[in-house]
Amino acid sequence: SESLVVCDVDGDLVKKLREFRFRKETNNAAIIMKIDKDKQLVILDEEHEFSLTFCTFVVYSYKYEHDDGRVSYPLCFIFSSPVGCKPEQQMMYAGSKNKLVQTVQLTKVFEIRNTEDLTEEWLREKLGFFG
């Protein structure tokens, strides 16, 4: 059987993600990432393509208005693994997800199989568990 491939995270991407965490803007924003299969490296997706057929990693800064009026800006990690995704690709992304999450020190980690489910309502519901 194939061993699980764990890809490293591109150094420039790590730097960009750390800067993103401490950004001053208050709008919603995202960094979309993909795996460079040949280099076995998680890299920035320059095309910013959120695909319906390919796996994708997204770090999303979301303006979250709590029921009590407080506002926070959680950094959410979303692993999109659409149903039509090739098993080989799915395994590579699944194997690399934890390394990326640990490298960037993210705590709000979500997985989605159907990209149509990725709505603000879905995200608010997921974030509700964090209080």
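Described in the following lines is the structure provided in the data block. (Residues numbered from 1 in each chain as written. Predicted model: local features only at pLDDT ≥ 70, side-chain atom pairs only at ≥ 80, totals over all residues. Heavy atoms only, no water.)

What to know about the overall build of the protein
Selection rule: Elements are defined by DSSP. Helices are runs of H or I of four residues or more, strands are runs of E of two residues or more, and each kind is numbered from the N terminus. Within these notes, the globule rule equals 2.2 Å times the number of residues to the 0.38 power, and the radius of gyration is based on C-alpha atoms. Accessibility here uses a 1.4 Å probe with only protein chains present; expressed as a share of the type maximum, an area under 20% marks a residue as buried, one over 50% as exposed, and anything in between as partly exposed. Computed by Shrake-Rupley with a 1.4 Å probe, the accessible areas treat only the displayed protein chains as cover when residues are assessed. Charged residues are defined narrowly, with Lys and Arg counted positive, Asp and Glu counted negative, and His plus the chain ends left uncounted. Here the site of a charge means atom NZ of a Lys, CZ of an Arg, CG of an Asp or CD of a Glu.
Assigned secondary structure in the protein consists of 3 helices and 8 strands. Along the protein, helices (α) and strands (β) appear in the sequence β-α-β-β-β-β-β-β-α-β-α when read from the amino end. Expected size for 131 residues packed as a compact globule is a radius of gyration near 14 Å; at 15 Å, the protein falls within 12% of this value. Projected onto its principal axes, the C-alpha positions of the protein cover 50 × 30 × 25 Å. A buried classification covers 43% of the 131 residues belonging to the protein. Of the roughly 8100 Å² that the protein leaves accessible, carbon and sulfur atoms contribute 48%. Averaging the locations of the 18 positively and 22 negatively charged side chains of the protein gives two centres separated by 5 Å.

A closer look at helix α2 (residues 87–104)
Every α-helix winds through 3.6 residues per turn, so residues three or four apart in the chain are directed the same way. The test is simple: Given a helix with a known number of residues, its expected span is that number minus one, times 1.5 Å. Note on bend: at a given residue it equals the angle between the axes fitted to the 7 residues ending there and to the 7 starting there.
End to end, α2 covers 26 Å across 18 residues, agreeing with the expected 26 Å (1.5 Å per residue, within 8%). The largest bend in α2 comes to about 30°, at Lys 97. Regarding α2, the residues found buried are Gln 89, Gln 90, Met 92, Tyr 93, Gly 95, Ser 96, Lys 97, Leu 100, Val 101 and Val 104.

Description of the pattern of salt bridges
Rules: Each salt bridge in this description consists of a side-chain nitrogen of Lys or Arg and a carboxyl oxygen of Asp or Glu lying within 4 Å of one another.
Taken as a whole and judged by the stated rule, the model has 7 salt bridges. With its nearest N and O atoms 4.0 Å apart, the salt bridge here joins Asp 45 to Lys 34. Of the two residues, Asp 45 sits in the loop between β3 (41–44) and β4 (56–61) while Lys 34 sits in strand β2 (residues 29–36), which places them 11 residues apart along the sequence. Assessed through its relative accessible area of 5%, Asp 45 is described here as buried. The exposure class assigned to Lys 34 is partly exposed, which follows from its relative accessible area of 27%. Close ionic contact of Glu 111 with Lys 97 constitutes a salt bridge, the shortest N to O distance being 3.0 Å. Of the two residues, Glu 111 is situated in strand β8 (residues 108–112) and Lys 97 in helix α2; the sequence distance between them amounts to 14 residues. Exposure remark for Glu 111: the relative accessible area of 44% places this residue in the partly exposed category.

Structural measurements only, silent on function.
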